[in-house]
Amino acid sequence: MKAAARTPRRPRKGTNPALRDPVGVYCRVRPLSRADHECCIEVVSDTTVQLHPPDAFRVCRNGEYRETQYSFKEVFGTLVEQKELFDVVAKPLVEDLIRGKNGLLFTYGVTGSGKTHTMTGSPGDGGLLPRCLAMIFNSIGPFQAKRFVFKLDDKNGVDVQSEVEALLERQRREALPIPKTPAGKKQLDPDFADMIDAHDGCRAEEVDEDNVYAVFVSYVEIYNNYIYDLLEEAPFDSIKPKWNSCNTPVRNGDFVPPQSKILREDQNHNMYVTGCTEVEVKSTEEAFEVFWRGQKKRRIANTQLNRESSRSHSVFIIKLAQAPLDADGDNVLQEKEQITLSQLSLVDLAGSERTTRTKAEGSRLREAGNINQSLMTLRTCIEVLRENQLYGTNKMVPYRDSKLTHLFKNYFDGEGKVRMIVCVNPKAEDYEESLQVMRFAEMTQEVEVARPVDRPLCGLTPGRRLRNQAFREELSRKLQLRGGPVAAGPEEQSAAELFFQSFPPLPSCELLDINDDQTLPKLIETLEQRHKMRQMLAEEFAKNVLAFKTMLQEFDSSVASKENYIQGKLAEKEKTITGQRTEMERLEKKIKTLEYKMEILEKTATIYEEDKRNLQQELESKSQKLQRQASDKRRLEARLQGMVAETSLKWEKECERRVAAKQLEMQNKLWVKDEKLKQLKAIVTEPRAERPERPSREREREKPLPRSVSPSPAPAVPVTPLRPRRSRSAGERWVDHRPAGHVPTETLLQPRVPRAITVEAPSERALARCDRYLLTHQELASDGEIQTKLIKGDVFKTRGGGQAVQFTDIETLRQESPTGRKRRSSPPDADPAGSECTDVETRCSVAVEMRAGSALGPGFQHHAQPKRRKP
């Protein structure tokens with residue numbers, strides 16, 4: 001009768017995030033090969049390492065060297081022993097394996113960083129792999145099933161057979177001419193004998209003694225993205241073929257090259273290698289000898305960086321099949337639902353390398369390319385998994401791009417513990433490669449894997465094996481007391497000898513004389529005594545048999561009554577279990593409903609939190625905008641207040657100036673009218689007499705005058721005629737700007753500027769010392785006369801600390817000849833000296849516009865009304 005079992009099923013999608021664990025990443029720093037080498041890695045604490053660039057690779061930023069720190073679950077320095085590393089990293093995985101849970105442990109790093117040493121070890125110091133095997137057999141040694149009780153099928157499952165079927169299978173295997181599995185008692189291979197510590201008593205604490213166990217091992221390698229079975233029997237070493245003198249492989253008709261294996265997925269979505277050799281082992285020595293047999297076939301080569309560089313990824317798989325004993329604790333339970341198959345994969349990854357450093361060529365270059373490509377695919381898968389878990393995306397993980405990632409797909413998408421040991425070499429030449437390894441390892445810690453579930457309980461009473469052993473011992477003891485068949489030993493043999501010695505000794509049976517009548521009677525008497533004793537022993541034996549039968553009947557009746565009682569109890573328990581299962585199903589449905597509601601609430605909460613963050617950001621931006629607007633408003637108000645005050649002051653001054661100018665103009669007009677009346681009165685009343693003519697200035701007009709080179713005034717400044725103006729302050733100082741091409745005029749009235757600094761070009765120093773500015777500008781008028789403009793302005797200090805001039809007024813000074821507007825009484829050709837002025841207007845065209853006692857002086861004349869200046 002056979003029963004099949006499968007590996008634990010992976011959880012369905014939508015697993016509760018609380019039931020997920022991150023990938024455990026550990027870091028191990030190997031010691032330097034030479035003490036004079038430069039070290040670029042420093043162990044800062046138990047969980048942190050620091051990388052500082054060596055002299056040849058330092059990256060300078062802002063004048064400082066950049067040092068980086070990376071944190072892991074635990075960091076092991078150069079002095080850490082293999083035993084300590086095993087207790088922290090691998091021991092929990094072995095304990096989970098015995099409990100029926102899957103596990104994955106792999107080493108990662110650059111070439112020559114100590115990955116193979118960490119996994120395999122060295123003579124006298126075994127690595128993680130032999131220590132895992134030793135712990136497994138130390139824990140389940142007394143509870144192992146006989147060979148072929150468990151039998152693996154070709155679909156990643158296991159079958160369980162009865163002891164009779166297992167015995168027939170053993171006899172059939174022994175009859176076949178195939179290599180036998182190595183025996184556990186034979187002498188070990190001296191190449192690896194020191195790697196196994198026979199005195200290491202490490203074992204799991206919780207081992208179910210009511211189960212029977214069987215261990216199966218397999219060993220494969222991934223070479224150039226192909227999977228090969230390292231335990232497959234070949235006619236000779238097919239991995240390293242023989243070569244002739246022409247450097248070509250020797251042709252042999254018996255040579256069968258190794259065939260690559262195919263990856264398949266079982267019904268529980270677990271990946272496995274089809275057609276892979278799986279050997280059942282019963283001891284640590286036997287299991288490690290199988291591993292060593294495959295290790296000799298693994299592809300290694302000599303490179304510039306490592307004398308024995310692994311050219312392939314090796315995967316050593318340990319499968320543990322277990323099934324509970326029946327109710328009697330004697331035979332394996334033949335129920336497939338109660339059989340569990342768990343596995344632990346120990347992976348030694350090939351190291352990443354740069355061909356520029358290894359100087360690889362030909363096949364070595366191809367091997368290096370495939371190794372780097374598979375490691376890059378592993379990194380890509382880890383990055384996509386991390387992005388999907390952190391950001392809730394649903395990107396496809398490219399497991400199928402490499403055989404390495406495809407083989408371990410069920411660990412990341414399914415369940416089980418995943419542990420990674422990052423091996424680094426602290427020498428300076430490996431700094432850049434170590435930096436990339438550290439970044440990938442630190443990122444891997446953020447990936448979470450579903451926590452493995454506990455296997456279901458079988459429902460049988462615990463302690464069945466111990467009770468069966470106690471029953472057997474008690475039965476043997478009672479049979480021994482009643483003289484029944486017991487095992488032969490030294491004490492029993494001595495009791496049998498004493499029993500046979502109690503019989504009467506046989507006399508001598510030799511008849512030397514025909515008349516001897518004593519020998520035969522003595523022999524007859526002895527034989528009669530022995531016959532009587534034999535009858536007594538037969539009667540005693542019959543009595544014992546009858547008593548034993550009675551005892552067996554009593555025992556059967558008690559066993560039957562106990563069975564009935566137990567059946568009743570079992571029926572009650574089954575009812576209770578059925579009710580509990582119903583309740584559990586109800587609770588599971590309720591839990592699923594609550595989980596669904598929780599997911600909805602979490603999504604809603606996430607949406608609300610996102611809205612809240614957006615609203616808070618919007619509120620902060622609006623608040624900042626309002627603050628900026630308020631600040632701008634305050635600055636604008638202050639600026640407007642200053643401008644209003646300045647404008648008000650300027651308009652007040654302008655109004656005062658215009659009022660004063662208007663008053664002066666009206667006074668001048670009144671004065672002019674009074675003077676004209678006086679002159680008219682004098683002309684009318686005085687006697688007529690000849691007056692000398694004013695000399696003509698036609699000759700002077702014909703002479704061309706040079707144009708002024710002074711700068712022209714700004715067009716935006718309004719033009720006002722020259723008029724007397726009262727000084728605003730007695731303490732004002734002027735800058736009298738007269739360009740170098742200024743032409744002096746011969747007028748009687750000349751501008752007089754008190755407290756003035758005369759300059760040819762304005763300077764900041766002169767403007768800083770004065771309050772007013774005056775520019776004298778000369779140009780040629782339309783009638784050919786020189787016209788002088790006096791452009792006035794106020795000097796202000798700017799916010800930047802300089803000086804600025806704001807023009808406020810323009811006064812014009814002109815000189816005209818009165819001959820152009822004089823009426824003559826004589827003909828035109830008469831002598832002008834004899835002509836007389838007959839026009840009163842002409843005679844009064846040149847008038848002195850001033851009052852007696854005025855300080856303005858002669859020569860000033862108004863030719864236009866003052867224009868209003870723009871504010």
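Reading guide: rules and limits
- Residues numbered from 1 in each chain as written.
- Predicted model: local features only at pLDDT ≥ 70, side-chain atom pairs only at ≥ 80, totals over all residues.
- Heavy atoms only, no water.
- Helix = DSSP H or I, 4+ residues; strand = E, 2+ residues; numbered from the N terminus.
- Buried < 20%, exposed > 50% of the residue type's maximum accessible area, 1.4 Å probe, protein only.
- Contact = heavy atoms within 4.5 Å.
- Areas by Shrake-Rupley, 256 points an atom, 1.4 Å probe, with all protein chains shown as cover.
- Pairing = 2+ DSSP bridges.
- Axes fitted to C-alpha atoms, helices over the stretch in contact; angles between N-to-C directions.
- 1 Å grid on protein atoms, 1.4 Å probe; cavity = no way out; pocket = protein on both sides within 12 Å on 5 of 7 lines; lining within 4 Å.
- Points joined across faces, edges and corners; volume = space filled by probe spheres on them.
- Nonpolar A, V, L, I, M, F, W, Y, C, P; charged D, E, K, R; others polar.
- Left-handed = near helix turned anticlockwise from the far one by under 90°.
- Parallel < 35°, antiparallel > 145°, perpendicular 65-115°, else oblique.
- Salt bridge = Lys/Arg side-chain N within 4 Å of Asp/Glu carboxyl O.

This next bit is on the overall build of the protein. Secondary structure assignment for the protein yields 16 helices and 30 strands. Within the protein, the proportion of its 871 residues that are buried is 36%. Restricting to contacts in the protein with at least 6 residues of sequence separation, those with at least 24 account for 72%. Counting only carbon and sulfur atoms, one obtains 53% of the accessible surface of the protein, whose full area is about 54,400 Å².

A sheet is described by the order of its strands in space; here three strands give the open sequence E4-E5-E8, paired in antiparallel fashion. Strands with a single pairing partner mark the edges of an open sheet, and in this sheet they are strand E4 (41-43) and strand E8 (68-71). For this sheet the average axis-to-axis angle between neighbouring strands, irrespective of direction, equals 25 degrees. The sheet contact formed by E4 and strand E5 (residues 48-51) spans three bridges and is antiparallel. Of the residues in E5, the one forming a bridge with Glu42 is Gln50.

Another point: the pairing of E8. Taking every second residue as pointing to the same face, the buried face of E8 carries Thr68 and Tyr70, while none of Gln69 and Ser71 on the other face is buried. With four bridges connecting them, E5 and E8 associate as antiparallel partners. Paired with Val49 across the two strands is Tyr70, which belongs to E8.

Within this structure, the stated rule accounts for eight cavities of 30 Å³ or more. Of the volumes computed, that of the largest cavity is approximately 80 Å³. Counting only elements with at least two residues in the lining of the largest cavity, the list comes to strand E10 (103-109) and helix H8 (403-407). Among the residues forming the lining of the largest cavity, the class breakdown is eight nonpolar, one polar and no charged. For the second largest cavity, the calculated volume is near 60 Å³. Looking at the second largest cavity, the residues that line it are Ile222, Tyr223, Asn224, Asn225, Arg311, Ser312, His313, Glu367, Asn370, Ile371 and Ser374. Contributions of two or more residues to the lining of the second largest cavity are made by strand E15 (211-223) and helix H7 (363-391). The element contributing the most residues to the lining of the second largest cavity is H7, with four residues. For the lining of the second largest cavity, the class distribution of residues is three nonpolar, six polar and two charged.

What follows is about the sheet that holds strand E28 (residues 772-780). One open sheet holds the five strands; their spatial order is E27-E26-E28-E29-E30, and the pairing between them is mixed. With one partner strand each, in any of the chains shown, strand E27 (756-759) and strand E30 (803-814) form the two edges of the open sheet. Put simply, the sheet's adjacent strands are angled 25 degrees from each other on average, direction ignored. Alignment of strand E26 (residues 734-737) against E28, held across four bridges, turns out to be parallel. Across the sheet, the residue bridging to Trp734 is Arg772, located in E28.

Here we come to the packing of H7 against helix H10 (residues 431-444). In a packed pair of helices, the relevant descriptors are the angle between the two axes and the axis-to-axis distance. At a minimum axis separation of 10 Å, H7 and H10 run at an interaxial angle of 35 degrees. Here H7 runs over H10; the crossing is left-handed. Contacts between H7 and H10 pair Leu378, Arg379, Ile382, Glu383 and Arg386 from the former with Gln436, Arg439, Phe440, Met443 and Thr444 from the latter. Class assignment of the residues belonging to the contact of H7 with H10 gives a composition of four nonpolar, two polar and four charged.

Take the packing of helix H1 (residues 82-98) against helix H3 (residues 128-140) next. Between H1 and H3, whose axes approach to 9 Å, the crossing angle comes to 50 degrees. If you check the angle between H1 and H3, you find them oblique. Seen along the crossing, H1 lies across H3 with a hand that is right-handed. Of the residues in H3, those touching H1 at Gln82, Lys83, Leu85, Phe86, Ala90, Lys91, Val94, Glu95, Leu97 and Ile98 are Leu128, Arg131, Cys132, Met135, Ile136 and Ser139. Counted by class, the contact of H1 with H3 contains 10 nonpolar, two polar and four charged residues.

In this section: the pattern of salt bridges. Scanning the model with the defined rule gives 30 salt bridges in all. With a shortest N-O distance of 4.0 Å, Glu95 and Arg99 are connected by a salt bridge. With a relative accessible area of 18%, Glu95 lands in the buried category. The partly exposed category is assigned to Arg99, whose relative accessible area is 27%.

We now examine the pairing of strand E23 (residues 340-348). Counted residue by residue, E23 has nine buried out of nine residues, so it is predominantly covered. Alternating positions in E23 separate into two faces, Thr340, Ser342, Leu344, Leu346 and Asp348 on one and Leu341, Gln343, Ser345 and Val347 on the other, with burial throughout. When E10 meets E23, the two strands line up parallel, connected through five bridges. Bridge assignment links Leu104 to a residue of E23, and that residue is Ser345. Pairing geometry for strand E22 (residues 313-324) and E23, over nine bridges, is antiparallel. Counted as the bridge partner of Gln322 is Thr340 from E23.

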